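Survey of secondary and tertiary structure
Residues per chain, in single letters:
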Amino acid sequence: MTIAEDPATTSPGYKWVGTRMIRPDGFEKVTGRARFGADIKLNGMLYGHVLRSPHAHATIVSIDTSEAEKMAGVRAVITGADFPDPSGPAGDQDLQRNVIAREKALYEGHTIAAVAAQTRAQAKAAAEAIKVVYEVLPHVMSVDEAMAPGAPLLHPKLMTKGVDPAPTEPSNVASRAVYQGGDLDLGFAESDVVVEGTFTTKPVHQGYIEPHAAVADTTPNGRTTLWCSSQGHFTMRSLSAKVLGWEPSKLKVIPAEIGGGFGGKTTIYLEPLAVRLSQKAGRPVKLVMSRDEVFRATGPASGTKIVGKLGFKNDGTMVAGELWMAYEAGAFAGSPAGAGSMTALAPYTVPNFLIEGFDVVVNKPKVAAYRAPGAPMSSFAVESLIDEAAKKLGIDPIDIRLKNAVTEGCTATYGPKFPRIGFVETLEAIKNHPNYQIPLGPNQGRGVASGFWFNAGLNSSATVHVNEDGNVIVVTGSPDIGGSRASMALMAAEEFGIDAARIQPVVGDTESVGYNDQTGGSRTTLATGAAVIEACRKVIADLRGRAAKQWDVALEKVEWVDGQAQHVEGTQPPLSLADLARGWNRTGGPLTASAALNARGVGSAFSTQVVDLEIDPDTGHVTVLRYLTAQDAGRAIHPSYVEGQLQGGVVQGIGWALNEEYIFDRNGKMENPGFLDYRIPVASDMPMIDTIVVEVPNPGHPYGVRGVGEVGIVPPLAAVANAVDDAVSRRIRDLPLSPVRILDAILNKDS
Amino acid sequence: MKYFAPSTVEEAAGLLAQPNTKVFAGATDVIPQIRAGRPEPDALVDLKKIDRLVSVQRTDATWVIGAATPTTRLTGNAELVAEFPGLVEAAGLIGSDQVQSRSSLGGNLCNASPAADSVPAMVINSARAVIATANGGTRTVAVEDVPVGPGRTTLAPGEFVVEIEIDRPPARTGDAYLRLTPRTEMDIAVVGAGVRVTLDESGTVTDARVALGAVAPTVVRVTAAEAALIGSKLDDVALAAAAAAASAACNPIDDKRGTIAYRTHVAGVLTRRAAVIAGQRAAEKNGASR
Amino acid sequence: MAHVHFSAGLRSGFTGGVAELVVEAATVGALIRALDERFPGIGEKLSSGTSVAIDGEIIPDAEFESLSATAEVHFLETIGGG
């Protein structure tokens, strides 16, 4: 990996930030000691099994649990009747209905009931003995089917928001987002070249290796402890409380180690079920999903249909852009059509545009977040069309993007002006890299694409303690899914001026640290990092005060340098953290401070990528030869983990582009709920993903951090499709680009 | 579910004669199937403690491979690799390195997946399955006579495959197996093609065997492709004819892994490529192999 | 004072086509109340499911955020991350 410094800033000469310490959780993870959600064992624990709908769309006429309740080992059976009636805002009600069905089953895999018993086998047998009477309804499995006149409706009261005039009849379209600027007709009239096409993508799963798991233990006074691996245990607490009808404070949530999330573990599935079963049984209950359940019953990314049209002048200036986009939300409203609409043309200055994004319900699992939700799909269309225009105009694909690239002060298509950003730097980093000049052989192609993501700030809290021995504990509430404990340790080490090995970063439960929003949205290093830094600075101010007291001097005479309090005139020997900790009862008590914030100064992220691939023209098989990604990360706190985020997003994007898709049969049942036929890439499929971290520091963060986790997944879909076109001269607009699809395109040129 | 680990073929036959018992060798299909919800058998009978089932022997004329021998012992056997590179590479494509420390030829054959990789490679080498019968004896059949459809075999209740016998090849014989999978590992063949040829001193094909996997409910032997290769020097015309014959012999389905059109086309492509590799390997084996 | 820009969705749904407006308001909350007086119903839309961008920085939960004399304000849909 190379780090290209922004020439406008000087190197800050950090001692710890920017180094590659071994992650604190590493030893436990590689020796199998780390405790994930499914590893939790409690005395008297029962095992749960979920009964799921076999139908894609059905009214639930009746559920008879009487047989199941009598079976051997069974201690509790629950259905929707065991939960409060759905109430609150529409989104909350949808969540309640997704966790366990009420009136209808809305997708194959929808939770209908759950059983807790002494063994898994007993729970499963009992679940299968629950008698459910369904009235099967016709189902819709695509935006075309769902939006067709007369389509069967999932929700009889769903009226499309964002359409003027408001509709009088319900439909399967939950909402419409629209972004518009300039004069579209004028823009296309002015264009020398117009490119257009219809693009489709399929639902894909985040592909985390660890299935969902939760253990709940309710005591007779009603307080419940919940262990789960998630991207945010405070979020699990508040969402579970909504479904259970509780105050969040009744729940204590303890985070387990997590084996991947990528957005898919930012919501709840098993947690309220485990809690209610535990309440009814009076014993702890563990629920663990099988891989099959993860596919059928968690939250993939939306499938989409996008009609796009771009207009350019002969010199490559983009003058017009029009996108009609429909995103599958799954069974309940809430696809990222809005975000996809905002990001689609965000990297470019285009004066005339109209972007519409429709959120459409279909009888598939409710979608959940997946790295930069909404952006990869709309970028697939836009970046493919830019490539087509570049080829028609004979302009290099990077040059055409440079011609239109947004910079500081440009107005984004979604409204505000951009602050300091690093998009141009990523384009130039790719253009100037030797990979871009490597000559290609027969059946080989090169594809370029760029992408944008907002990144988030949100709420974080942190507490910092100095121990009697002068070592430091840093407690946050951000589950560690990408090496954030290491980053917190490095930032704290930099603040204190001590060896990072003396910092112990801990993820505290919901009673041990202040509120933390989820780990996701590329926010943790920025926001939780900012809270950690602020807490460290409070402690350091306190330490200076303790030294001042000991030396009986004014505070201004004390500075904190390299891990110790020093007298500015050198008239006292310095005091280390350990020295000051030893004397803390004489100078004011223990050394600890907390900080909490709703983070500001969020820096957005851009990525530009280039892929070289080779296609076997007789089988359509794709081999990825080389992949290079350049991303503006602001400042890489821990370069290996920044690199890992860049590479991870790219590999997921490649899988999305080449082979991953949810396949459903005519009955709306998923045909490939396992990794054999849901083809995420394996390690041997990938070359080393080369990364360039462009450090354009974010002025809003003490160390210049920009979130890095998400934007990397945005460009690969189009980069791969553009490379396929370069290799075999076939523009394919439907994902995935499986060997079957590519060979069909090669052999059937005119269809 | 009970577990038994007999140490003789007779003991195993007695246990497997009971109803609802299943052979447990590498279990690289059995365990995932049970986890996926297939009905659990009453008993698993582990064959790996029976020496004959896990040994690899070679006489002057024949290789005898225990049906439960883990593939890693085949890929690690330099002599076997030298004589049957195609067979070993086929077994070596299944799953991954970890899977191959358990998977076996017997298991691959008797699981009877249409996409089994080692089956076309065994068929082109005229492999035979030695089957323990319920009455304590054995019977021997060509391997292609074992599977009859997806997941179904001609084995009677209580029968199991003890060994795979393969006669040592004549001089100037080479085999090859190729398959199409979207990923490089941990995948299942969309199409598989095995070809074996024997050449005379002038490089003319005197014998050929062609078998396809994953294009029909069971392995397909393509005698028309064999005829197209015999008497040729594996020139373009012969190869094209063999490829066309392979495509014509396919009876595939449209499923989540591939379309009829795709499988048909690629069967021809892989047959041609496998024939070329088999021919190169045959030409390199100039001396007698015994 | 705030120079408010309305997205296409807000223009067609609430402001009857008005794209920009200069409004006297010291905080975002006061701004939303002032806009709701002028365009009834827009207040509820802007208070939930919307983030605010002030001078290019996206700020969720901005009700008490103060506005400078020259603040450029955009209302945006709330975006989820993954």
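Residues numbered from 1 in each chain as written. Chains lettered and ligands numbered in written order. Predicted model: local features only at pLDDT ≥ 70, side-chain atom pairs only at ≥ 80, totals over all residues.

Across its full length, chain C holds three helices and five strands. Ordered by position from the N terminus, the helices and strands of chain C form the series β-α-β-α-α-β-β-β. Across the 82 residues of chain C, 35% fall into the buried class. Counted over contacts in chain C with a minimum sequence separation of 6, partners at least 24 positions apart contribute 49%. (Helix = DSSP H or I, 4+ residues; strand = E, 2+ residues; numbered from the N terminus. Buried ≥ 20, exposed ≤ 12 C-beta atoms within 10 Å, placed from the backbone. Contact = placed C-beta atoms within 7 Å.)

A count of helical and extended segments in chain A gives 20 helices and 27 strands. Relative to the compact-globule value of 27 Å for 751 residues, chain A shows a C-alpha radius of gyration of 27 Å, a close match. When the backbone C-alpha atoms are referred to their principal axes, chain A occupies close to 85 × 75 × 50 Å. In chain A, which comprises 751 residues, the share counted as buried stands at 59%. Residue pairs in contact within chain A that sit at least 24 positions apart in sequence constitute 80% of those at least 6 positions apart. (Rg over C-alpha atoms; globule rule 2.2 N^0.38 Å.)

Time to look at the domain arrangement of chain A. Residues and elements named next belong to chain A. Considered domain by domain, chain A is made up of domain 1 (1-13 + 414-455 + 603-751) and domain 2 (458-599). Centre-to-centre, using C-alpha coordinates, domain 1 lies 38 Å away from domain 2. For the side of domain 1 that touches domain 2, the element with the highest residue contribution is helix H18 (residues 639-658), accounting for three residues. Grouping the constituent residues of the side of domain 1 that touches domain 2 by class yields eight nonpolar, seven polar and one charged. (Domains from an automatic or database assignment. Nonpolar A, V, L, I, M, F, W, Y, C, P; charged D, E, K, R; others polar.)

Moving on: the interface of chain C and chain A. With 21 residues of chain C at the interface, the matching set in chain A holds 34 residues. At the level of elements, helix H1 (8-15), strand S4 (57-59) and strand S5 (71-77) of chain C are the ones that each hand at least two residues to the side of chain C that touches chain A. Classifying every residue of the side of chain C that touches chain A gives seven nonpolar, ten polar and four charged.

Here we take up unusual backbone geometry. In this structure, the amide linkage connecting Asp164 of chain A to the following residue, Pro165 of chain A, adopts the cis form with an omega of 5 degrees. As for its placement among the helices and strands, Pro165 of chain A is situated in the loop between helix H5 (143-147) and strand S8 (173-181). Each neighbour pair has its own omega, and for Leu735 of chain A with Pro736 of chain A the value is -5 degrees, a cis peptide bond. Tracing the backbone shows Pro736 of chain A in the loop between helix H19 (716-728) and helix H20 (739-747). Even without being a glycine, Ala372 of chain A presents a positive backbone phi close to 55 degrees. Mapped onto the elements, Ala372 of chain A comes out in the loop between strand S16 (352-361) and helix H11 (375-393). Owing to 34 C-beta atoms within 10 Å, Ala372 of chain A belongs among the buried residues under this scheme. A positive phi angle, close to 55 degrees, is found at Asp61 of chain C, a residue other than glycine. Positionally, Asp61 of chain C belongs in the loop between S4 and S5.

On to the confidence of the model for chain A, then. Model confidence for chain A is summarised by a mean pLDDT of 95, while 98% of its residues fall at 70 or above. pLDDT under 50 marks residues 4-10 of chain A. Its contacts with residues more than four places away, or in other chains, come to eleven contacts. (pLDDT = per-residue confidence, 0-100.)

Attention now goes to helix H7 (residues 233-244) of chain A. Residue and element names in this part refer to chain A. Helix length check: H7 (twelve residues) gives 16 Å between terminal C-alpha atoms against 16 Å at 1.5 Å per residue, within 8%. All of the buried residues along H7 are His233, Phe234, Thr235, Met236, Arg237, Leu239, Ser240, Lys242, Val243 and Leu244. If you follow the buried residues of H7, they end up packed against helix H3 (90-99), strand S11 (224-228), strand S12 (251-255) and helix H8 (271-281). (Expected span 1.5 Å × (residues − 1).)

With that out of the way, let us pick up the sheet that holds strand S3 (residues 50-54) of chain C. Residue and element names in this part refer to chain C. Taken in spatial order, the five strands line up as S2-S1-S5-S3-S4 in an open sheet, and their pairing is mixed. If you trace the sheet from one side to the other, it starts and ends with strand S2 (20-23) and S4, each paired once. Between one strand axis and the next, the sheet turns through 30 degrees on average, direction left out of account. Note: strand S1 (residues 2-5) against S5, four bridges, orientation parallel. The partner of His3 across the bridge, within S5, is Glu72. Most of the contacts of helix H2 (residues 28-38) go to S2, to which it runs at about 115 degrees, and overall it touches S1, S2, S3 and S5. (Pairing = 2+ DSSP bridges. Axes fitted to C-alpha atoms, helices over the stretch in contact; angles between N-to-C directions.)

It is worth spelling out the packing of helix H12 (residues 397-404) of chain A against helix H13 (residues 423-431) of chain A at this point. All names here are of chain A. With their axes 10 Å apart at the nearest point, H12 and H13 run at an angle of 160 degrees to one another. With respect to H13, the axis of H12 lies roughly antiparallel. Once H12 is placed against H13, the crossing between them reads as left-handed. Contact residues: Ile398, Arg401 and Leu402 in H12; Val424, Leu427, Ile430 and Lys431 in H13. For the contact of H12 with H13, the per-class residue count stands at five nonpolar, no polar and two charged. (Parallel < 35°, antiparallel > 145°, perpendicular 65-115°, else oblique. Left-handed = near helix turned anticlockwise from the far one by under 90°.)

What follows is about the sheet that holds strand S2 (residues 21-24) of chain B. All names here are of chain B. The parallel open sheet is built from three strands, whose spatial order is S1-S3-S2. Of all strands in the sheet, those with a lone pairing partner are strand S1 (2-4) and S2, marking the two edges. Strand after strand, the sheet turns through a mean of 25 degrees between neighbouring axes, direction not considered. Here S1 pairs with strand S3 (residues 43-46) via three bridges, running parallel. Bridge assignment links Tyr3 to a residue of S3, and that residue is Leu44. Taken strand by strand, helix H1 (residues 9-16) contacts S1, S2 and S3, and its axis lies near 165 degrees from that of S3.

This brings us to the interface of chain A and chain B. Of the residues lining the interface, 18 residues belong to chain A; the matching set on chain B comes to 15 residues. Split by residue class, the side of chain A that touches chain B holds seven nonpolar, six polar and five charged.

Another point: the pairing of strand S10 (residues 213-218) of chain A. All names here are of chain A. Burial runs high along S10: six of the six residues are buried. Judged by which residues are buried, S10 turns out to be covered on both faces: Ala213, Val215 and Asp217 on one side and Ala214, Ala216 and Thr218 on the other are all buried. Sheet analysis places S10 next to strand S13 (residues 285-288), joined by four bridges and oriented antiparallel. Directly across from Ala216, in S13, lies its bridge partner Val285.

Bringing the pairing of strand S14 (residues 304-312) of chain A into the picture now. The element S14 of chain A is extensively covered by neighbouring structure, given that seven of its nine residues are classed as buried. In sequence, S14 of chain A turns back onto strand S15 (residues 318-330) of chain A through a hairpin of five residues, with Gly316 of chain A there showing a positive phi of about 95 degrees.

All names here are of chain A. Along the chain, the position of Glu293 falls in helix H9 (residues 291-297). On the neighbour-count criterion, Glu293 (21 C-beta atoms within 10 Å) is buried. In sequence terms Glu293 and Pro211 are 82 residues apart; their C-alpha atoms lie 8.6 Å from each other.

Looking now at the nonpolar core. By size, the foremost hydrophobic cluster in this structure holds 349 residues, and its most contacted members are Ala274, Ala492 and Val720 of chain A together with Leu212, Ala242 and Ala246 of chain B. A per-element tally of this core places helix H15 (residues 524-551) of chain A first, with twelve residues. If near-sequence neighbours (up to four positions away) are discounted, Ala246 of chain B is found in contact with Ala193, Val210, Leu212, Val222, Ala225, Ala267, Gly268 and Thr271 of chain B. (Core = buried A, V, L, I, M, F, W, Y, C linked by C-beta atoms within 7 Å.)

What follows deals with H1 of chain B. Residue and element names in this part refer to chain B. Of all the residues in H1, the buried ones are Val9, Ala12, Ala13 and Leu16. One side of H1 carries all its buried residues, which in axial view fall inside an arc of 100 degrees. Those residues of H1 that are buried lie in contact with S2, S3, strand S6 (128-132) and strand S10 (160-167). (Arc of directions from axis to C-beta.)

So, about the environment of Gln550 of chain A. Residues and elements named next belong to chain A. Checked against the element boundaries, Gln550 lands in helix H15. A count of 17 C-beta atoms within 10 Å places Gln550 in the partly exposed class. The spatial distance from the C-alpha of Gln550 to the C-alpha of Leu575 is 9.7 Å, given a sequence separation of 25 residues. Once residues within four sequence positions are removed from consideration, Gln550 is found in contact with Leu575, Gly583 and Thr587.

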